[in-house]
Each structure stands twice: as structure tokens, then as C-alpha cells.
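Inside the fold
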Amino acid sequence: MIIWIIFAALATAVTAALLRPLSTPRAAFPGGSVGAGRVYRDQLSELESELASGQILPAEYQLAKAEIARRLFRAADASASHDLATSTRPMFWMKLAIAAFLSLGSISLYVVLGSPDLSSKALQHRLNEPGRGLAILIRKTEEHLARTPGDGRGWDVIAPIYLRSGRLVDALSAYYNAIRLLGPSVGRLDGLAETLTTASNGIVTAEARSVLQQSQALDAANPRTLFYLALALEQEGKAAEAKTAFEALAKQSPPDAPWLAAVGEHIIKNGGRPEISANGN
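Summarised in this report is the structure supplied together with it. (Residues numbered from 1 in each chain as written. Predicted model: local features only at pLDDT ≥ 70, side-chain atom pairs only at ≥ 80, totals over all residues. Heavy atoms only, no water.)

**Quick look at the packing of aromatic side chains**
The full count for this structure, using the stated rule, is two aromatic pairs. Between the aromatic rings of Phe227 and Tyr228, the centroid separation amounts to 5.8 Å while the plane-to-plane angle is 85 degrees, which identifies the pairing as edge-to-face. Exposure class is identical for Phe227 and Tyr228. Each is buried. Each ring, one from Phe227 and one from Phe246, has its centre 5.7 Å from the other, and the planes form 70 degrees; the classification is edge-to-face. Taken as a pair, Phe227 in helix α11 (residues 223-235) and Phe246 in helix α12 (residues 239-252) lie far apart in primary sequence, 19 residues in all. Phe246 matches Phe227 in its accessibility class, with the two residues each being buried. An aromatic cluster of at least three residues, connected via ring pairs, comprises Phe227, Tyr228 and Phe246. (Phe/Tyr/Trp six-rings, centres within 6.5 Å; stacked < 30°, edge-to-face > 60°. Buried < 20%, exposed > 50% of the residue type's maximum accessible area, 1.4 Å probe, protein only. Helix = DSSP H or I, 4+ residues; strand = E, 2+ residues; numbered from the N terminus.)

Listed below in C-alpha cells is the structure:
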């Protein structure tokens, strides 16, 4: 009986929340959400460019794409909500239909699909079912790797996730394992170098530079590798060499490369001409 009282209270609260915008006239919301949607679409285009140029890994691309899409949907929902709020006429029949649909629909659905007498499941039981959240996926991957630590592909997938989540110690361990089991690749080596640099507060350490040089041997034109190697020269006080390295990176980059702005700043910082970063010649 208690469960039905709880459901009734929740249905009432949700109904009231949904009917409030239909009853309260508000001023039209400026087109900020439209601008936000445009920004998110530009971010998606930039993300695809980074993937095509090898600046990010496919796993990083999927995570970033999901986050941008989530923000885009939120902006679209905000725009729709504000457009609805501009109406000033009473919408009695719409409110009545919403209230009836929520009440009858939710109760009918629960009667068909629900199980009020079913006991709660422990975390471990939920983890054994398909997870929808990133945290659950990480946890399941960690449990898989605990059982099969020789799965290099698992370490390769979770390493950049650890890095983007700020779990640098775990990221280092994952990258080392992935390289040990699968061998070196540009993506793994660059990810390891970035993790080492991040763990050192942005300083390209000797170990990170050694890793970058291994990556450069595999792909001499990889922009991510070249950027960090040039940054290492700058941090060592070799301004002339750093300027030359950054200028070379700017010249080989496409005009719309997303990293050109940062490269241009470092060219100027080391005494170069800003025109090089602007047009790549």
C-alpha cells in the first residue's frame, strides 16, 4: 500500500512541475540556446578534424562526442521549453490531457511491467547487467582486467579514459600495460607522454621526451608528438630551436587545424612572427 502512496505523490509532483510552464506566462527567452547549439555543432566538427588528424584516439573521440551531443540536446530542450513558456493563453485541455496521461499511463505501465514486491539488488548484481553510465562501464572493465590482466585491448581502451578522468596513476599503469602487451603505437606512446607531462604539472620530463621520440620514429609528421617535442625545447630554454619546431608544425598543418592557435602563441612566445601561425607559410 505504501508503494502506491509514494507513486501517487511522485505523479502529483511531476504533473505539477510539467503543468507549471503552461500556466505561468514568461517573457520570451533570447536566442542563447540557438547560439549554444551552433557552438556545440562547431565543436563536433572540430572533434572530427582532431580524430582525422590523429590528435585524439577513437575512444577519446567517442567520449567527447557523447558529451557534446548531451550538451546539444540540453540546449535544444532548453529552447523548446522557453518557446513553450511564451504562450499566455490558458491551455485547459492540454493540461487535463497531460495530467490524465501521466496518471493513467504510469499506473498502467507499472501494473504491466512492474514488480513492487521485488527486493532491491545489490551493486554487484547491477554490475552484472548492462550498465548505462560511464562509471559502470569503467567498473566492469576494471573487473574484467582484474580477471584477465593479459588483455592488452582492455588496457588500451581504458587508458585514455583514465587520463581524461584525471586518474593519472591508473592511466600510467594502463598505458604501460597496453604498450607491453600490444606493442608501441603512436596513439599509445603519445597518450603515455601526455600522462607523464600532466603528472609533472605540464613539464615535459626526460621520460616523456624519450617516449615522444619513439612515437616520432613511428610517425614523423604526427602533430601531437611534434607539439610536445617543441614544448620540451621551449621549457629547456632553447627558444630558437623551439621557434623553429613550432613554425615547422604550423607550416605542415592544415589552415583549419584546431591546434594552430596554441602553436601560434608559442611561436610568438619564442620570438617568431605571428603571420606564420595564421596562414601556415
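Let us keep going from here.
**Digging into the pattern of salt bridges**
By the definition in use, this model includes eleven salt bridges. Glu194 is the partner of Arg224 in a salt bridge, and the nearest nitrogen-oxygen pair spans 2.2 Å. In this pair, Arg224 is assigned in helix α11 and Glu194 in helix α9 (residues 186-199), connecting sequence segments 30 residues apart. Note on accessibility: Arg224 and Glu194 belong to one class, buried. (Salt bridge = Lys/Arg side-chain N within 4 Å of Asp/Glu carboxyl O.)

**A word on helix α7 (residues 152-164)**
Relative to the 18 Å expected for 13 residues at 1.5 Å per residue, α7 spans 19 Å between its end C-alpha atoms, a close match to the ideal helical length. Its maximal kink placed at Ile158, α7 deviates by approximately 25 degrees, while the proline Pro160 follows within four residues. Those residues of α7 not exposed but buried are Gly152, Gly154, Trp155, Asp156, Ile158, Ala159, Pro160, Ile161, Tyr162 and Leu163. Capping the start of α7 is the job of one residue whose side-chain oxygen sits 3.2 Å from the backbone nitrogen of Arg153: Asp151. Of the residues flanking the end of α7, it is Gly166, one or two places downstream, whose phi is positive at about 85 degrees. (Expected span 1.5 Å × (residues − 1). Bend = angle between axes of the 7 residues up to and from the residue. Polar contact = N/O pair within 3.5 Å; in protein donor to acceptor, adjacent residues only side chain to side chain.)

Honestly, that's just the spatial picture; any functional story needs more than this.
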